[in-house]
Amino acid sequence: MICCKECIDLLYDYIEGALDQNTTKSLEEHFQDCPPCIAFLNTYKSTTTLCRETLNQIEIPDEVRRTLQNFLKEHKTQQEKL
Amino acid sequence: MSFSQQKEDKEIEEALVRDLQAGNLEAYDKIAELYQKKIYGLSFNLVRNQMDAQDVTQEVLLTLFRKINTFQGKSAFSSWVYRITLNASYMKLRSKKKEPNISIDELLPSFNGAGFQQEKIQDWSGNTESLLFTNETREVIKKAVDLLPEKEKVVFLLRDVEGLSTEKVSEVLELTVPAVKSRLHRARLFLRKKLSGYFEEYNSRKGEA
């Protein structure tokens, strides 16, 4: 029987599907008997989803986009003159 | 990402690098089109300021054009782009006063002698749909990520936010795969704990209302 500490150490590989069959089985047995670890697993997974959905939505603001376009144009003109 | 998609991306990258190295100016626009959102997004998550992220993006684009002949193709071109972006972001941060990081160990889970969890764990994962789109939640998430120590933060941003594979992150950061995994796991534990504090309070506030 594995304990909570081992369970949490294994979470990463469990989610990746990288554990062998026996370890997966013992981990899932632990989950059956341990609601706190299920809650931990669920919130561990949610943490990643929430952070990703919040942070990878960053769009370039229009004014920055314009600045970058001008910057690029200027740089190209300089290069063409060379 | 499928294997054929990966292969296609790799071919596009290689063609782009050849064009750039040959001095083809049209390649500049393609580079900007393909990478500026990634460069801006990653640097914004590190410097957290529009002006600074804009500066970093310009600088990275310029470095890509100027240094393209030093790119030897030992790693993927996109890994090189990410590395340059990280360096430029760190340079930007170094010029600013920095708040001290808190120790990550204080926020890792604690266990009793028998290896059982010591704290009460609340499962807030079912409520995240409604929480996700409030501005308050977004701010809490950004602040929590800002508090991560640098080593863990960069792994978290590349792997979980940008969605790179563990292998690719290890290439960008020149770390072993086990080191990437261990830093990522610590980052997730730290963030889980930070977000738990917030969501538990949020849920009890809602319960009272």
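All values derive from a computational prediction rather than experimental measurement. Going along each chain's sequence as written, the residues are numbered from 1 onward. Think of it this way: whatever chain is written first is A, whatever ligand is written first is 1, and the rest follow in order. The predicted nature of this model means local features are confined to residues of pLDDT at least 70 and side-chain atom pairs, given and counted, to a pLDDT of 80 or more, with totals for whole chains, interfaces and linings taken over all residues. Each side-chain value is derived from all of the structure's non-hydrogen atoms; neither hydrogens nor water enter the calculation.

**So, the packing of helix α2 (residues 21-33) of chain A against helix α3 (residues 35-55) of chain A**
Residue and element names in this part refer to chain A. Basically, it comes down to this: Every angle, taken between N-to-C directions, lies between 0 and 180 degrees, and every axis is a line fitted to C-alpha atoms, over only the stretch in contact when it is a helix. The way it works is that DSSP assigns letters per residue, a run of H or I at least four long becomes a helix, a run of E at least two long becomes a strand, and they are numbered from the N terminus. Orientation labels follow simple angle bins: below 35 degrees gives roughly parallel, above 145 gives roughly antiparallel, 65 to 115 gives roughly perpendicular, and whatever is left gives oblique. Only heavy atoms matter for contacts: two residues are in contact if any of them lie within 4.5 Å across the pair.
Close contact between α2 and α3 brings their axes to 5 Å; oriented N to C, the two are set at 110 degrees. One way to sum up the angle between α2 and α3 is to call them roughly perpendicular. For the pair α2 and α3, the contacting residues are His30, Phe31 and Asp33 in the first and Pro35, Cys37, Ile38 and Leu41 in the second.

**Some thoughts on the domain arrangement of chain B**
All names here are of chain B. In plain terms, the rule: How far each domain reaches was decided by an automatic or database domain assignment. The term buried area denotes the loss of accessible surface (1.4 Å probe radius) that occurs when two parts are joined, taken as the sum for both partners. Salt bridges are counted wherever a side-chain nitrogen of Lys or Arg sits within 4 Å of a carboxyl oxygen of Asp or Glu. Within 3.5 Å is the distance limit for a polar contact, defined as a pair of N or O atoms, with the added protein rule that one can donate a hydrogen and the other accept it, and that residues adjacent in sequence qualify only through two side-chain atoms. Residue type decides the class: Asp, Glu, Lys and Arg count as charged, Ala, Val, Leu, Ile, Met, Phe, Trp, Tyr, Cys and Pro as nonpolar, and the leftover types, Gly among them, as polar.
Annotation of chain B at the domain level lists domain 1 (3-94) and domain 2 (104-208). Here the C-alpha centroids of domain 1 and domain 2 sit 28 Å apart. Facing the 14 residues of domain 1 at the interface are 15 residues of domain 2. In this assembly, domain 1 packs against domain 2 so that about 1,300 Å² is buried in total across both faces, 58% of it on carbon and sulfur atoms. Seen at the junction of domain 1 and domain 2, the total is 1 salt bridge. Among the ionic pairs, arginine 48 bridges to aspartate 146, the shortest N-O distance being 3.1 Å. At the boundary of domain 1 and domain 2, one finds 6 residue pairs in polar contact (both at pLDDT 80 or more). Sorting the residues of the side of domain 1 that touches domain 2 by element identifies α2 (26-47) and α4 (77-94) as the ones contributing at least two each. Ranked by the residues each element gives to the side of domain 1 that touches domain 2, the list is headed by α4, at 6 residues. Classifying every residue of the side of domain 1 that touches domain 2 by side-chain character gives 6 nonpolar, 5 polar and 3 charged.

**Brief notes about the interface of chain A and chain B**
It is common to give the size of an interface as the accessible area that goes away when the parts come together. Between chain A and chain B, the contact holds 41 residues from the first and 50 residues from the second. Interface area, chain A with chain B, both sides summed: about 4,500 Å², of which 69% is carbon and sulfur. When the area that chain A buries against chain B is broken down by residue, the three leading residues are A:Tyr12, A:Leu50 and A:Leu55, summing to 15%. Summed over the shared surface of chain A and chain B, the result is 4 salt bridges. The closest approach of N and O atoms between A:Lys76 and B:Asp29, which form a salt bridge, is 2.5 Å. Broken down by element, the side of chain A that touches chain B gets its largest block of residues, 16 residues, from α3(A). A per-class count over the side of chain A that touches chain B returns 20 nonpolar, 10 polar and 11 charged.

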